[in-house]
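Here are the chains, one letter per residue:
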Amino acid sequence: MSRSAHPAGPRHADVLPEGHYTAPAADLNVLDPKVWSRTVDRDERGVVTVGGIGVDALAEEFGTPAYFLDETDFRARCRAWAEAFGKDADVFYAGKAFLSRAVVRWLKEEGLNLDVCSGGELSTALSAGMPAERIAFHGNNKSEEEIRTAVEVGVGRIVLDSFQEIVRVAHIAQSLGKRQRVQIRVTVGVEAHTHEFIATAHEDQKFGIALAGGQAAEAVRRALKLDGLELIGIHSHIGSQIFDMAGFEVSARRVVQLLAEVRDEHGVELPEIDLGGGLGIAYTSEDDPREPHEIAKALGEIVTRECEAAGLTTPRISVEPGRAIVGPTAFTLYRVGTVKPLEGLRTYVSVDGGMSDNIRTALYDAEYSVSLVSRTSDAAPMLSRVVGKHCESGDIVVRDAFLPADVAPGDLIAVPATGAYCRSMASNYNHALRPPVVAVREGEARVIVRRETEEDLLRLDVG
Ligand SMILES: Cc1ncc(COP(=O)(O)O)c(C=O)c1O
Ligand SMILES: N[C@@H](CCCC[NH3+])C(=O)O
């Protein structure tokens, strides 16, 4: 993501401070459809609406801060992924991005499968009626209890992450008189172009078993020998928020090479490969994500080509998009509190949430956009930093963005593209109450995850 300093000075700065920010849009009132979900608009009063409901009414009914999730957009994205990959492939929504029972029901209705990575996600999925065979269970350190539950309920696949886990899952399955379908997660040695904390295919990190040095081949050797396991394929996930397809292509090629080695050594053609998730979304107008059909085409072609070259039957492909489905479907609505202009620097616009509802800016230096949504404004663009109310100077929601210079206490501002990894990574820092998630669809809004209350926090504190 390239950013350049804008030549024109904002209201409070004759000389622009250092920072990475895009030039303000020609009209700050215009909402870029790249970063806003599909039913977002402005009404005749200038108030932003989602699913036909104004944010003023939403703030009044549900309070702020709150996440508003555009269900129409979520379902459309599920369908786009399912259609792009077609009947010969499987799409597993990665629940870590955001999971609730309503989401599980939507996934089920739209024909998607689900990737879970903890006992908690598994029980949410099951309690909302996701059939176990449509669930993949991930994790680098699944507990014995989690494995036992997953095997007992009959999840469609467990993705094995280490040599120890191969044995652990085999023993548990055997003790339950079952044969568990499994994939082995390999690290293909790709340096994905993303933040270091969310890249997962290089060798020096905790996930998977390296292809390098024949370790993955050894893992296959061991898994094939164990009665409790039915090895159905190889899994690779190279990281998250990735735009460049090159990493996925290298990964696909290396996974197919392993399938060919397995065929040569064992006479077995593993029927599936999973290329993970990680597809990037637009957080600002400068980001240009790929559409699901482009991704499906690129991955399908590379796998088919490599398999033909190796004389293999093309395996069934699966993918695990999380962010690319839910990320763009929600925005966080905040009420502006203190507005503090710092002469020669920028204006700090404080909101009633912060790093407790969006840790991504602090954790990954993530970039977000922000708009004034309770009204339009013709005021000049003002270089702003949207900050929260936590006792921490790094409590930044949007590092550098332009808001109209007349933004004032009481205004509503919204940060788009917060559907993924915001509510799911939310915390109670400073005893903040985690905000609700409100689903909006065709003129109706309903809470799908309620706001935490002080009683919730006090109940955990058992003295
Ligand atoms: C194994 C696996 N699958 C899928 C995902 C989902 O990634 P994303 O939300 O970037 O699509 C992740 C997270 O990075 C993951 O670790
Ligand atoms: N939580 C990260 C991505 C990690 C994805 C899961 N392996 C984010 O917000 O971008």
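Scroll up for the structure.
Attention here is on the structure that accompanies the text. (Residues numbered from 1 in each chain as written. Chains lettered and ligands numbered in written order. Predicted model: local features only at pLDDT ≥ 70, side-chain atom pairs only at ≥ 80, totals over all residues. Heavy atoms only, no water.)

This model, assessed by the stated rule, comprises seven aromatic pairs. A centroid spacing of 5.8 Å and a plane angle of 5° characterise the contact between W81 and F85, whose relative ring orientation is stacked. In this pair, W81 and F85 both sit in helix α2 (residues 71–85), four residues apart, roughly one turn of the helix. For the pair shown, W81 and F85 are each scored as buried. By the ring-pair criterion, three or more aromatic residues cluster together here, those being W36, F62, F68 and F331. (Phe/Tyr/Trp six-rings, centres within 6.5 Å; stacked < 30°, edge-to-face > 60°. Helix = DSSP H or I, 4+ residues; strand = E, 2+ residues; numbered from the N terminus. Buried < 20%, exposed > 50% of the residue type's maximum accessible area, 1.4 Å probe, protein only.)

Two cysteines, two sulfur atoms, one covalent bond between them: this is a disulfide. All told, the structure shown has zero disulfides when counted by the stated rule. With no disulfide of its own, C78 has C117 as its nearest cysteine by sulfur position, at a separation of 18 Å. Here C78 falls in the buried class, since its relative accessible area comes to 0%. (Disulfide = S-S within 2.5 Å.)

With that settled, consider the site of ligand 1. Neighbouring ligand 1 are 15 residues; H237, S240, G278, E320 and Y421 lie closest to it. G278 places a polar main-chain atom, nitrogen or oxygen, 2.8 Å from an oxygen atom of ligand 1. Between ligand 1 and the protein, one listed contact pairs a nitrogen atom with a side-chain N or O atom of E320 at 2.7 Å. Here ligand 1 has 390 Å² of accessible area as a free molecule, and 93% of this is covered by the chains. (Near = heavy atom within 4 Å. Polar contact = N/O pair within 3.5 Å; in protein donor to acceptor, adjacent residues only side chain to side chain. Areas by Shrake-Rupley, 256 points an atom, 1.4 Å probe, with all protein chains shown as cover.)

Okay, the site of ligand 2 next. Not every one of the eight residues close to ligand 2 is listed here, only the nearest: R323, R360, Y364, Y421 and M425. One of the side-chain N or O atoms of R323 is found 2.6 Å from an oxygen atom in ligand 2. R360 has a polar side-chain atom sitting 2.5 Å from an oxygen atom of ligand 2. The class makeup of the residues in the shell around ligand 2 is four nonpolar, one polar and three charged. (Nonpolar A, V, L, I, M, F, W, Y, C, P; charged D, E, K, R; others polar.)

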